[in-house]
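# Coordinate analysis (summary)
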Amino acid sequence: SPVRHLRDGVIENNRSKARLIEAVHNIVNTFDNCFYFPAYELVIDVLRDYRFYDVDLAHPNYAATEYVFSKFAENFIDYDTLKTMEEVKKITTAFKHKPFQPDTAAHRKFLSTTLDKTINLQDALPHLDFSKEIKYFINE
């Protein structure tokens, strides 16, 4: 965790993190198919500016977690899965959308188009459940 636990003291915080990193690298070097993703180093070394921290100046903020996740995705998530994730994100964003003018033709078209996309994704990936979203796009 890139969060500094200063209640333990700066030295103890760094020693405990060093022990964990050493243990992880021993595991990675011992077993096949084990990988180390350097989230800690990305936050501590690459995102070391305080604009990447929450108001408590200890926890990474949204921008930092998005950056780390993007690096994780580049290295561990295949292209097709990333495309699916993008489609799911579009649907969930549309589901959360609160229209300013719900009675307009533009909004009805938005709902219809999003409904079609949602049904197509549900058909392609039946293990995902978009029943709430489909109901919303039909009844809205």
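Everything here concerns the structure above.
All values reported here derive from a predicted model rather than from experimental measurement. (Residues numbered from 1 in each chain as written. Predicted model: local features only at pLDDT ≥ 70, side-chain atom pairs only at ≥ 80, totals over all residues. Heavy atoms only, no water.)

## Structural notes on the overall build of the protein
What counts, and what does not: A run of DSSP states H or I qualifies as a helix once it reaches four residues; a run of E qualifies as a strand once it reaches two. Both are numbered from the N-terminal end. In this description the radius of gyration comes from C-alpha coordinates, and the expected globular size is given by 2.2 Å times residues to the power 0.38. A 1.4 Å probe rolled over the protein chains alone gives each residue an accessible area, and that area as a share of the maximum for its type sets the label: buried under 20%, exposed over 50%, partly exposed in between. The contact criterion used throughout is that any non-hydrogen atoms of two residues lie within 4.5 Å. Note that accessible areas follow from Shrake-Rupley with a 1.4 Å probe, and for residues the cover is restricted to the protein chains shown. Charge counting follows a simple rule: Lys and Arg are positive, Asp and Glu are negative, and His as well as the terminal groups are ignored. Each charge is placed at NZ for Lys, CZ for Arg, CG for Asp and CD for Glu.
Helix and strand counts for the protein stand at six helices and zero strands. For the protein, the C-alpha radius of gyration of 21 Å lies well beyond 14 Å, the compact-globule estimate for 140 residues. Seen along its three principal axes, the alpha-carbon backbone of the protein occupies a region of about 60 × 40 × 20 Å. When burial is assessed residue by residue, the protein has 24% of its 140 residues classed as buried. For the protein, long-range pairs separated by at least 24 residues make up 43% of all intrachain contacts whose partners lie at least 6 apart in sequence. Counting every atom, the protein has about 10500 Å² of accessible surface; 58% of that belongs to carbon and sulfur. Looking at the protein, you have 18 positive and 21 negative side-chain charges, and the mean spots of the two groups are 5 Å apart.

## A look at unusual backbone geometry
Of note, Asn33 is a non-glycine position whose phi angle comes to about 60°, a positive value. Among the structural elements, Asn33 can be located in the loop between helix H1 (10-30) and helix H2 (39-46).

## Quick word on the layout of surface pockets
If a probe the size of a water molecule is rolled over the atoms, the empty space left behind becomes visible. Inclusion rule: The rule is simple: put a 1 Å grid over the protein atoms alone, call a set of points where a 1.4 Å probe fits but cannot get out a cavity, call an open set with protein on both sides within 12 Å along at least five of seven lines a pocket, and count a residue as lining if it has an atom within 4 Å of a point. Grid points are joined across faces, edges and corners, and a volume is the space filled by probe spheres set on the points.
By volume, the largest pocket is sized at about 260 Å³. What lines the largest pocket is Tyr62, Thr65, Glu66, Phe69, Ala73, Leu82, Met85, Glu86 and Lys89. Counting only elements with at least two residues in the lining of the largest pocket, the list comes to helix H3 (62-76) and helix H4 (79-96). Residue contributions to the lining of the largest pocket peak at five residues, all from H3. Taken as a whole, the second largest pocket holds about 160 Å³ of empty space. Around the second largest pocket, the lining comprises 10 residues; the ones closest to its centre are Arg4, Ile44, Tyr50, Tyr53 and Leu57.

## Things to note about helix H5 (residues 105-124)
The cut-off we apply is this: Expected span of a helix: the number of residues minus one, times 1.5 Å.
With 20 residues, H5 extends 29 Å from end C-alpha to end C-alpha; this agrees with the ideal 28 Å at 1.5 Å per step. Where H5 is buried, its residues meet H4 and helix H6 (131-139).

## Overview of the packing of aromatic side chains
Each aromatic ring pair is described using two quantities: the centre-to-centre distance and the angle formed by the ring planes. The test is simple: Note on ring pairs: Phe, Tyr and Trp rings are taken, using the six-membered ring of Trp, and paired if centres are within 6.5 Å. Classes follow the plane angle, with under 30 degrees stacked, over 60 edge-to-face and the rest tilted.
A complete count under the given rule lists eight aromatic pairs for this structure. Aromatic ring contacts, followed pair by pair, group Phe35, Phe37, Phe69, Phe72 and Phe76 into a single cluster.

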